[in-house]
Amino acid sequence: MSAKNTYSDVIAAEDELLRERRRKIMGDDFAADLNNNRFGLALSGGGIRSATINLGILKTLHKFGILKQADYLSTVSGGGYTGAYIQATTKERGQDGKLFATEHLAYMRSHGEYLFPGTGLEKIWNQLTLVVAFLISFLMSLLSPAILVTLVVGSYFFCDYYDLITVNFMDALQHHWQWLMPELLYGGIVIFVLHYLLNIAQVYKLDSSNLFNHLETLVVVGILSTFGWPLVKSFQSVKSPNAEQLLFFVTAGFILVLMGLFTNPNATSFHRFYRKQLADAYLHFATNNKNIFLHQLCQPQSDEAKDYLAPYPLINTCLNLQSSKDPNFQGAKASDYFLLSPLYCGAKLVGYVPTEKTIGYRQMTLPAAVTISAAAVNPGLGAYSNKLLSILLTVFNLRLGFWTWNPLKIKTSWPLVWWPFYFFYELFGRIGTDKKMINISDGGHIENLGVMELLRRQCKLIVSVDAGADPKFTFADLENLAVRARNELGIDIRFRPDNIPEDIMRVNPSHGYSRKRFAVADLYQLWEKVCTDEGEEKIVHYPGGKKTGVFVYVKSTVTAPTGRPDDAAFKDAFQYGTYKYKIYNPDFPHESTADQFFDPIQWESYFQLGQFIAGDILGVDNLNDFDVEEAFTIPLDELYRHFDEDMQLFGAMALPTPSVRGRGMDDLMIDAAQQGPDQEMEGTPTEYKM
């Protein structure tokens, strides 16, 4: 068992790990500079649309050595599919020359319909398997409530079969009704008539009708309470069972209770099928690390680079609190940010536990964590929870979320759970922190951009990719983040005057395209909680705010094409298909998240868009000029200045050819200066751009 840890413990452990990782990747100076240039990438939710766009973006960032310099990779839902690919594939094969390999991309493209991949008969078979898997999962889910119902109903039939209890409820109820009916009829008519006449006489009176309502409620409650008497009266005789009967009853009850310990909804819900399909689609090439434990990721103490090359993963989920009695959550559809990571798991409300040392968490795998983070359909929906919806989703076994151990209860609880109760907790929306297990689901149920954890870690530079469905450009996820950051952390996300997202990204109908794909904001700390020398917390305000970092907001947008592909491109089905995709699919790139079935052209369109977006972020006009797996490394400090001071990463130089792979930025700038501003470097074709 593990004790509850605070958020400060989490950060201290992460800092130690990150410094060691930085030292091994870039040297001692880079490690010592952690607090000055802490860098986080955030990949939003949005299903396969988000996953595919983010694959394209990270492929480009990897090309310029930016991905490995990121300290954190914070993911939500669909962004986690990509994050899982980065983590598991790097762990299996290393990063250099292995990530985003052609065979990897071809495989993921062919599994765009990951719930039932394939073509022809294979696809039909997988569709049938999906239906059968859901039905079997549905039947398995009924075992848990059936146990509880059998215990209750079975007890009655046991007593009735052996004549242990003689009950004549219907006769007693009939006599009671005959006695009650006259008083109910005459008294009800009198009260109703008086109430009606008073309402007519005193139309504008405030209290008179309300007094009658209270009187009528009292009468109804009194009448209902009288029905307890016929129930008691109906028990005519009660006998004790003999030894043989008692042994049978106890044995049957014991078997049912024992079965209840094994009807774990995590094992029987549709979550399992969903998890397997995601792992097959995105972790296929991880081989031995396809189902890697979460605590085995990012291990800089290892001598093998593949164990620490990937950024530290922050997998964001939502802690559902539908029945929370915590006064801090009253008046809200309660939820909290629940973190799954290699070192610690938990939330501020329930505390954090060491992942590797804690029951339930040391068994947590990467595919399970990512699937929980993508559990969009669940009886507990965080801020979007609804009691009626909880009933429907529970009954039809639409439960993709996960029950995990409550850090508050781990130290004081026996590691046994009687699961039938939890079916009814979900059914009636009684999910909270007062039980041994807590329910977690899609991180988008609380904050869909995955940025809050990076803000809490005081990252100096945050690049956030918003690939959620937003066809009307309402920026709902950005608004949610801005409100939460300001009120929960005291951080103002202050976009620069010429970088207001709704001005530069919202599509103008007369034009049909966005003007820009990203916007830069400054992060200002307005207030923060600090501890005094006496150990008490107090709020310190900073008038006007103090700048703490830069926030780069990236939106999945399409800017106006700069040209038309060469005629040769039309001979390539993928190039031609992606060229015309926007024309015949006007919602692109904001097609509904309900569409989780991407065909190869659709997948490639989103993937290429991601690469174009990343090119724009870095100021690269033509990525084909860097047609290599790794071009050169853009130093993190220069990347920060690129966003903060609008410093051009490539200056006025022409773009390099593949022959300059691996050369530093300084060398390239010298070459450009020697050639002169009007002289192009060899191999710089003009390309069509989305």
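Residues numbered from 1 in each chain as written. Predicted model: local features only at pLDDT ≥ 70, side-chain atom pairs only at ≥ 80, totals over all residues. Heavy atoms only, no water.

Asks: For this particular structure, what's the right way to read the overall build of the chain?
Replies: Tallying secondary structure elements over the chain gives 23 helices and 14 strands in all. Here the chain holds 690 residues, and the buried ones make up 52% of them. Summarising the internal contacts of the chain: among those between residues at least 6 apart in sequence, 77% fall at separations of at least 24. Accessible surface for the chain amounts to roughly 32900 Å². Of this, 59% is attributable to carbon and sulfur atoms. (Helix = DSSP H or I, 4+ residues; strand = E, 2+ residues; numbered from the N terminus. Buried < 20%, exposed > 50% of the residue type's maximum accessible area, 1.4 Å probe, protein only. Contact = heavy atoms within 4.5 Å. Areas by Shrake-Rupley, 256 points an atom, 1.4 Å probe, with all protein chains shown as cover.)

Asks: So what exactly am I meant to see when it comes to the packing of helix H13 (residues 271-282) against helix H14 (residues 366-373) here?
Replies: Packed helix pairs are specified by the crossing angle of their axes together with the interaxial distance, meaning the distance between the axes. Look at H13 against H14: their axes get within 9 Å of each other, and the N-to-C directions meet at 115 degrees. Put simply, H13 runs roughly perpendicular to H14. In this structure, H13 meets H14 at a crossing whose hand is right-handed. From H13, His 271, Tyr 274, Arg 275, Leu 278 and Ala 279 reach across to H14, where they touch Pro 367, Ala 368, Thr 371 and Ile 372. Here the residues of the contact of H13 with H14 are counted per class, giving 6 nonpolar, 2 polar and 1 charged. (Axes fitted to C-alpha atoms, helices over the stretch in contact; angles between N-to-C directions. Parallel < 35°, antiparallel > 145°, perpendicular 65-115°, else oblique. Left-handed = near helix turned anticlockwise from the far one by under 90°. Nonpolar A, V, L, I, M, F, W, Y, C, P; charged D, E, K, R; others polar.)

Asks: Looking at this model, I keep getting lost on helix H16 (residues 420-427). Mind explaining?
Replies: Each full turn of the α-helix corresponds to 3.6 residues, which orients residues three or four apart in the same direction. Of the positions making up H16, those classed as buried are Pro 420, Tyr 422, Phe 423, Glu 426 and Leu 427. Taken end-on, H16 shows its buried residues confined to a sector of 160 degrees, consistent with a single buried face. Looking one or two places after H16, you find Gly 429, whose phi comes out positive at around 65 degrees. (Arc of directions from axis to C-beta.)

Asks: Sorry, what's going on with helix H21 (residues 600-618) here?
Replies: In a regular helix each residue adds 1.5 Å, so 19 residues correspond to 27 Å; H21 covers 27 Å between its end C-alpha atoms and thus fits that length. Where burial is concerned, most of H21 is hidden: 16 out of the 19 residues are buried. By the N-cap criterion, in which a side-chain oxygen at the helix start approaches the backbone nitrogen of a residue two or three places on, H21 is capped by Asp 599, the distance to Ile 601 being 3.1 Å. (Expected span 1.5 Å × (residues − 1). Polar contact = N/O pair within 3.5 Å; in protein donor to acceptor, adjacent residues only side chain to side chain.)

Asks: I would appreciate a short explanation of the pairing of strand S13 (residues 518-531) in the present structure.
Replies: Two faces make up the sheet, and in a regular strand the side chains alternate between them. Burial of S13 is extensive: 11 of the 14 residues sit out of reach of the surface. Bridge count for strand S12 (residues 491-495) against S13 is 5 bridges, and the pairing is antiparallel. From the neighbouring strand, Ile 491 faces S13, where its bridge partner is Gln 525. In the sheet, S13 pairs with strand S14 (residues 537-555) via 13 bridges, with the strands oriented antiparallel. (Pairing = 2+ DSSP bridges.)

Asks: Sorry, what's going on with the side chain of Ser 144 here?
Replies: Mapped onto the elements, Ser 144 comes out in helix H7 (residues 120-161). Since its relative accessible area comes to 6%, Ser 144 is described here as buried. Once residues within four sequence positions are removed from consideration, Ser 144 is found in contact with Thr 263, Trp 419 and Pro 420.

Asks: Explain unusual backbone geometry here, please?
Replies: Most peptide bonds take the trans configuration, and most residues that are not glycine carry a negative phi. Residues Phe 588 and Pro 589 are joined by a peptide bond in cis, for which omega reads 5 degrees. Topologically, Pro 589 is positioned in the loop between helix H20 (573-584) and H21. The phi torsion at Cys 298 lies on the positive side, around 50 degrees, for a residue other than glycine. Position of Cys 298 relative to the elements: it lies in the loop between H13 and strand S5 (312-320). Positive phi values are uncommon outside glycine, yet Asp 646 reaches one of about 60 degrees. For Asp 646, the location among the structural elements is in the loop between helix H22 (636-644) and helix H23 (665-675).

Asks: Looking at this model, I keep getting lost on the packing of aromatic side chains. Mind explaining?
Replies: Ring pairs (aromatic) are described by centroid distance and by the angle formed between their planes. Summed over the entire model, instances satisfying the criterion amount to 25 aromatic pairs. Centre to centre, the rings of Phe 134 and Phe 270 are 5.6 Å apart; their planes meet at 80 degrees, and the pair counts as edge-to-face. Placement of the pair is Phe 134 in helix H7 and Phe 270 in the loop between helix H12 (265-268) and H13, with a sequence separation of 136 residues. For Phe 134, a relative accessible area of 27% gives the class partly exposed. Every member of this aromatic cluster is reached through a ring pair, and the members are Phe 473, Phe 475, Phe 495, Phe 551 and Tyr 553. Its guanidinium or amino end placed over the ring of Tyr 7, Arg 456 lies 4.4 Å from that ring's centre, counting from NZ or CZ. When the ring centre of Phe 518 is taken as reference, the NZ or CZ atom of Lys 516 above it lies at 4.8 Å. (Phe/Tyr/Trp six-rings, centres within 6.5 Å; stacked < 30°, edge-to-face > 60°. Lys NZ or Arg CZ within 6 Å of the ring centre and 35° of its normal.)

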